[in-house]
Structures are given as structure tokens and as C-alpha cells.
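# Commentary on secondary and tertiary structure
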Amino acid sequence: MSSSTSEPFRDQLITLPSGTTLHADAASPTCAAGSSDGPRKLAVCLHPWSWLGGSKDDPVLGSLQNVLLGAGYYVLRYNSRGVGKSSGWPSFTGSSEAQDLRDLVQWLVGKSPSIEHVLIAGYSHGSLIASLHPTLPSSIKTHHLILSYPLGPRGWLTAFRTGTYTKALTTLLHDPAANVLVVYGTKDEFTSVSKYDAWAKELNEARGAATLRIEKVEGATHFWFNHEPELQNIVRTWLAS
């Protein structure tokens, strides 16, 4: 994304201040509401765990992208470190990936000063990393989509830094500038519905001034096979609210 355009691209390498390069794709809505300085809406999508083959080309992210484009978002999907052409190595705690996300968002916002909305959309392991991203300055409305949060295996996915992730979500839910959508399925292979339901209750009880919406989809698995339309409708409705 240059400072004067929001053209789509594929297989571009973005070099972050840390020196890490991220392998990314970007898609632009045909009827984007923007200006000569770029788009007003930006969505950054994070994929499932790289150790199990997660990448920017994940079909669930592709399904989400269609909804985001329809809502006027310029959508960027990228491979986390060590995936595809992205440099570096995956971390065991997620801290390096979280810093990469912060650096990437800052780079994107800096390239397009007209941005008014930033949506951080994380799926599976990507939702862990998304939850660590704070809201942006008040001139930019920040939204978080937390999809299929891997609550069951969270401990070993984060080298048992569970407390760090719990604190990050709690902090986000106390931020009056935050707008958070949490979506999970009742047939998730990695987290039981009873555990999800208890967690959803905890999130509602922990919520401070943030806007929080939690949606449970009957019959949906972690991979959303045959439930993409329901997921898309939930996200579409949330974006329109």
C-alpha cells in the first residue's frame, strides 16, 4: 500500500522495522470509500498455527475476506514469521508474532493517513495474537474479531503463558474504545462447548466499557466446514451495527 493508493497485490514482501519480512496479499473492494490518501477501512487477518500448516491462504480467512470487502475494507492477509516467504522463526510464546502485528499495523496506518477503522481479525492461533493488539489512538476506531479462540490448547500453544493472554483480553474488554466480536462453534475439535460457554460467561462478567458481542454457532467445528454462510452473516451483521 503506497501513500496514495490502495491497490491490491499478491506475494509482496513487507519489511518491518525489526528487519522481519512478511509475505502478504492485499485485496481492495471495488467500491472502496477512500480518498487520494488511501482507504478509510483496513482489515488485517491472522491465520491458524503455522506448526499445523496455517497460512494466509486459509479458506476460512478467504471466506471472511469476502465479507470484509463487501463492507468496504481493504484486506491484508499475511504469513506469520517462518511461513511461506516470511522470514524468521515462529516463537513458542506468540510474543514475536504480536510485535510483528503491531509493527505491521503501524506501517499500514502510516502509509494511509485517511484510515478511520482498523479491524484485527484472528482465526484459531491467529486469534491469540490478535487479542494482544491494543486499540489504536482515538482518531481510529479499532475492532477485534476473535474466531475459534483455541481455549483448550491455549496453554501449550503459548508455552504456558496463559496468564498473559487472559490479561490482554481483560485489558481489551476494559477499554471503552474496543469493539470485540467473539465467535465459536459448538462442535469445535479443540475446545468443548461447555468450556467455551464458561469462558463466554467470564468474558461478559469481566467486560468493562468495551463493546462485546459473543456468538455461538450450533454444529460448527473449528474449521467451519458447511458453516461459512452462518459465520459470514454474523460478521456482516456485526460490521453493520
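The structure we're discussing is the one just above.
Quick summary incoming for the structure in this document. (Residues numbered from 1 in each chain as written. Predicted model: local features only at pLDDT ≥ 70, side-chain atom pairs only at ≥ 80, totals over all residues. Heavy atoms only, no water.)

Let us now look at the sheet that holds strand β1 (residues 9–15). Spatially, β1-β2-β6-β5-β7-β8-β9-β10 is the arrangement adopted by the eight strands of the open sheet, whose pairing is mixed. Strands at the two margins of the open sheet, each flanked by one partner only, are β1 and β10 (211–217). Averaged over all pairs of adjacent strands, the angle between strand axes in this sheet comes to 20°, irrespective of strand direction. Pairing of β1 with strand β2 (residues 21–27) involves five bridges; the strand directions are antiparallel. (Pairing = 2+ DSSP bridges. Helix = DSSP H or I, 4+ residues; strand = E, 2+ residues; numbered from the N terminus. Axes fitted to C-alpha atoms, helices over the stretch in contact; angles between N-to-C directions.)

Next up on the list: empty space enclosed by the protein. Evaluated as defined, the whole model comprises one cavity of 30 Å³ or more. Each pocket or cavity is described by its volume, and for the largest cavity that value is around 160 Å³. If you go around the largest cavity, you meet 17 residues; those closest to its centre are His-47, Ser-80, Glu-97, His-125 and Ile-129. When contributions to the lining of the largest cavity are tallied by element, the ones reaching two or more residues are α2 (95–111) and α3 (125–131). Ranked by residue count, the leading element in the lining of the largest cavity is α3, at three residues. Across the lining of the largest cavity, the residue classes tally to eight nonpolar, six polar and three charged. (1 Å grid on protein atoms, 1.4 Å probe; cavity = no way out; pocket = protein on both sides within 12 Å on 5 of 7 lines; lining within 4 Å. Points joined across faces, edges and corners; volume = space filled by probe spheres on them. Nonpolar A, V, L, I, M, F, W, Y, C, P; charged D, E, K, R; others polar.)

Looking at where Ser-138 falls in the secondary structure, it is placed in the loop between α3 and β8 (141–147). Put simply, Ser-138 and Ala-177 are 39 residues apart on the chain and 7.3 Å apart in space, counted from C-alpha to C-alpha.

Counted residue by residue, β2 has seven buried out of seven residues, so it is predominantly covered. Counting the residues between successive antiparallel strands, the hairpin from β1 to β2 contains five residues, one of them, Gly-19, with a positive phi of roughly 100°. Bridge count for β2 against strand β6 (residues 74–78) is four bridges, and the pairing is antiparallel. Its bridge partner lying in β6, Asp-25 is registered against Arg-77. (Buried < 20%, exposed > 50% of the residue type's maximum accessible area, 1.4 Å probe, protein only.)

In contact at an axis separation of 9 Å, helix α1 (residues 59–70) and helix α7 (residues 228–240) are set at 40° when each is read in the N-to-C sense. Relative to α7, the element α1 lies oblique. Crossing geometry of α1 relative to α7 is assigned as right-handed. When α1 is examined against α7, the residues Val-60, Ser-63, Leu-64, Asn-66, Val-67 and Leu-68 are found in contact with a partner set consisting of Glu-228, Leu-231, Gln-232, Val-235, Arg-236 and Leu-239. Of the residues that constitute the contact of α1 with α7, the class distribution is seven nonpolar, three polar and two charged. (Parallel < 35°, antiparallel > 145°, perpendicular 65-115°, else oblique. Left-handed = near helix turned anticlockwise from the far one by under 90°. Contact = heavy atoms within 4.5 Å.)

Tallying each qualifying case throughout the model produces eight aromatic pairs. Aromatic pair Trp-49 and Trp-51: ring centres 6.2 Å apart, planes at 45°, arrangement tilted. For Trp-49, a relative accessible area of 18% puts it in the buried group. Judged by relative accessible area, which is 48%, Trp-51 ranks as partly exposed. Between Tyr-184 and Tyr-196 the ring centres are 4.4 Å apart and the planes differ by 25°, which places this aromatic pair in the stacked class. Of the two residues, Tyr-184 sits in strand β9 (residues 178–185) while Tyr-196 sits in helix α6 (residues 193–206), which places them 12 residues apart along the sequence. By the burial criterion, Tyr-184 is buried, and Tyr-196 matches it. (Phe/Tyr/Trp six-rings, centres within 6.5 Å; stacked < 30°, edge-to-face > 60°.)

This part covers the side chain of Asn-79. Along the chain, the position of Asn-79 falls in the loop between β6 and α2. A distance of 2.8 Å separates the side chain of Asn-79 from the backbone nitrogen of Lys-56, its partner in a polar contact. Setting aside its immediate chain neighbours within four residues, Asn-79 contacts Leu-22, His-23, His-47, Ser-55, Lys-56, Gly-84, Lys-85 and Ser-86. (Polar contact = N/O pair within 3.5 Å; in protein donor to acceptor, adjacent residues only side chain to side chain.)

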